[in-house]
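Here is what each chain is made of, one letter per residue.
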Amino acid sequence: MRSQVAALRKFFPVDKWPALPCPRCDATLTALKGDIHYDRLSTTMARWSELGYEPDDIRGVFSGRLVCVNLLCGEVVSVLGDFAVGWDEGPTGRTELGEFLKVRMLHPALSLVETPSGVPEPVVTELDRAAAIIWSDPRSAITALRTGLERLMDAQGVPAQAASGGPPLGLHKRLKDFRTGAASGTTDAATRANASDLLEAVKWVGNDGTHAGGATIDAAAVLEMAEFIEIALRMLYAPNNAAALARAKRIITSKALVD
Ligand SMILES: [Zn+2]
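Residues numbered from 1 in each chain as written. Predicted model: local features only at pLDDT ≥ 70, side-chain atom pairs only at ≥ 80, totals over all residues.

Q: Looking at this structure, how should I read the overall build of the protein chain?
A: Regarding its fold elements, the protein chain presents 8 helices and 5 strands. Against the globule reference of 18 Å for 259 residues, the protein chain gives a C-alpha radius of gyration of 24 Å, more extended than a compact globule. Counting only C-alpha atoms, the protein chain reaches 75 × 55 × 35 Å along its principal axes. Among the 259 residues that make up the protein chain, the fraction classed as buried is 28%. Contacts in the protein chain between residues at least 24 apart in sequence constitute 59% of all its contacts with a sequence separation of at least 6. (Helix = DSSP H or I, 4+ residues; strand = E, 2+ residues; numbered from the N terminus. Rg over C-alpha atoms; globule rule 2.2 N^0.38 Å. Buried ≥ 20, exposed ≤ 12 C-beta atoms within 10 Å, placed from the backbone. Contact = placed C-beta atoms within 7 Å.)

Q: Mind showing me how you'd approach the domain arrangement of the protein chain here?
A: How large an interface is tends to be reported as the accessible area lost when its parts come together. We note that the domain assignment places domain 1 (3-107) and domain 2 (121-244) within the protein chain. With 3 residues, strand S5 (residues 95-107) is the largest single contributor of residues to the side of domain 1 that touches domain 2. For the side of domain 1 that touches domain 2, the class distribution of residues is 4 nonpolar, no polar and 2 charged. (Domains from an automatic or database assignment. Nonpolar A, V, L, I, M, F, W, Y, C, P; charged D, E, K, R; others polar.)

Q: Where do I start with the nonpolar core in this structure?
A: Soluble globular proteins tend to bury their nonpolar side chains together. Core analysis: the largest hydrophobic core is formed by 54 residues, its most contacted members being Leu112, Ala130, Leu145, Val222, Met225, Ala226 and Ile229. When residues in this core are grouped by element, the largest group, 10 residues, is from helix H7 (residues 219-237). Formed jointly, this core draws a minimum of three residues from each of two domains, domain 1 (3-107) and domain 2 (121-244). When neighbours within four sequence positions are excluded, Leu112 is seen to be in contact with Val5, Leu127, Ala130, Ala131, Ile134, Leu223 and Ala226. (Core = buried A, V, L, I, M, F, W, Y, C linked by C-beta atoms within 7 Å.)

Q: Help me understand helix H5 (residues 171-180) in this model?
A: Each α-helix turn comprises 3.6 residues. Residues three or four places apart therefore point the same way. Those residues of H5 that fall on the buried side of the exposure criterion are Leu171, Arg174, Leu175, Phe178 and Arg179. Axial view of H5: buried residues confined to an arc of 140°, hence all on one face. Turned more than 90 degrees off the buried face of H5, the exposed positions are His172 and Thr180. (Arc of directions from axis to C-beta.)

Q: Explain the pairing of S5 to me, please; I cannot follow it from the model alone.
A: Both faces of the sheet carry side chains from a regular strand, because those side chains alternate between them. Here strand S1 (residues 12-13) runs beside S5; their pairing, made up of 2 bridges, is antiparallel. Its bridge partner being in S5, Pro13 is matched across the sheet by Phe100. Direction of pairing for strand S4 (residues 76-89) relative to S5: antiparallel, over a ladder of 12 bridges. Looking across to S5, one finds that Asp82 is bridged to Lys102. A loop of 5 residues connects S4 with S5, the two strands running antiparallel in sequence, and Gly93 in this loop sits at a positive phi of about 95°. (Pairing = 2+ DSSP bridges.)

Q: Sorry, what's going on with the environment of Glu224 here?
A: Following the sequence through the fold, Glu224 ends up in helix H7. On the basis of neighbour counts, which here come to 14 C-beta atoms within 10 Å, the residue Glu224 falls in the partly exposed class. It is 37 Å that separates the C-alpha atoms of Glu224 and Lys249, two residues lying 25 residues apart in sequence.

Q: Hey, could you run me through the sheet that holds strand S2 (residues 29-37) in this one?
A: One open sheet holds the 5 strands; their spatial order is S1-S5-S4-S3-S2, and the pairing between them is antiparallel. Pairing within the sheet leaves two strands with one partner each, and these edge strands are S1 and S2. Relative to S4, strand S3 (residues 59-68) is paired through 9 bridges, and the arrangement is antiparallel. In the sheet register, Arg65 faces S4, and the bridge partner there is Ser78.

Q: How do you make sense of the packing of helix H3 (residues 121-133) against helix H4 (residues 138-155) when you look at a structure like this?
A: Two numbers describe a pair of packed helices, the interaxial angle and the distance between the axes. Interaxial distance between H3 and H4 falls to 8 Å at its minimum, and their mutual angle equals 175°. Between H3 and H4, the angle falls in the class roughly antiparallel. Taking contact as the criterion, the partners of Pro122, Val123, Glu126, Leu127, Arg129, Ala130 and Ile133 in H3 are, on H4, Ser140, Ala141, Ala144, Leu145, Thr147, Gly148, Arg151, Leu152, Asp154 and Ala155. Looking at the contact of H3 with H4, its residues break down into 10 nonpolar, 3 polar and 4 charged. (Axes fitted to C-alpha atoms, helices over the stretch in contact; angles between N-to-C directions. Parallel < 35°, antiparallel > 145°, perpendicular 65-115°, else oblique.)

Below is the structure:
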């Protein structure tokens, strides 16, 4: 999980942008001074006093751009979101009014997870879809993660329909088939069981977010479920170290380099 991205789930002071990772390279994005706009145009911003509001009732919007500090990359990311005035501890330790931002959209989106290179494209597509909407519509983002599980089951060779025909199999049944090895998976049983626990947890939270009346799904919940998927994908697609481990054991046994 990219921990810097998780900083976006809350409001932050206008002069303390989280050090976000560039979507194209490993460098950091930075907000150029004067390039983040929160003009005092909205009603509460311009007339809060005459409307009888308190200063910390002031709400508005912001927009701007972030740029990659790596000059060879030069990626530019558009950003928009909410602006608010609130109380915070100032540099002297006293509580004072401050200006805060909360990101609702980044374009291009910043990835939520780091995926091993072998992860199939349809799974990555759903993870990217979740990343694009997590800050503006977390419930839709969790639905995208749930769809990602369906695509992962496709990639793992778990049938979406019973051999005898009939209606499509539900995700719960497919995950169960994956866990028990009823499907023709390439992964060993222990890995499948551990990955299944993580994936099934995502499915339950995804169900809750998809059906009306379910629990409140916020960006923090989406990030946690994305991290579960990231760990499961690492189990299923990270390079297999078995050959190197077996060779290390042979070297240990003979206490010398062996063929
Ligand atoms: Zn970059």
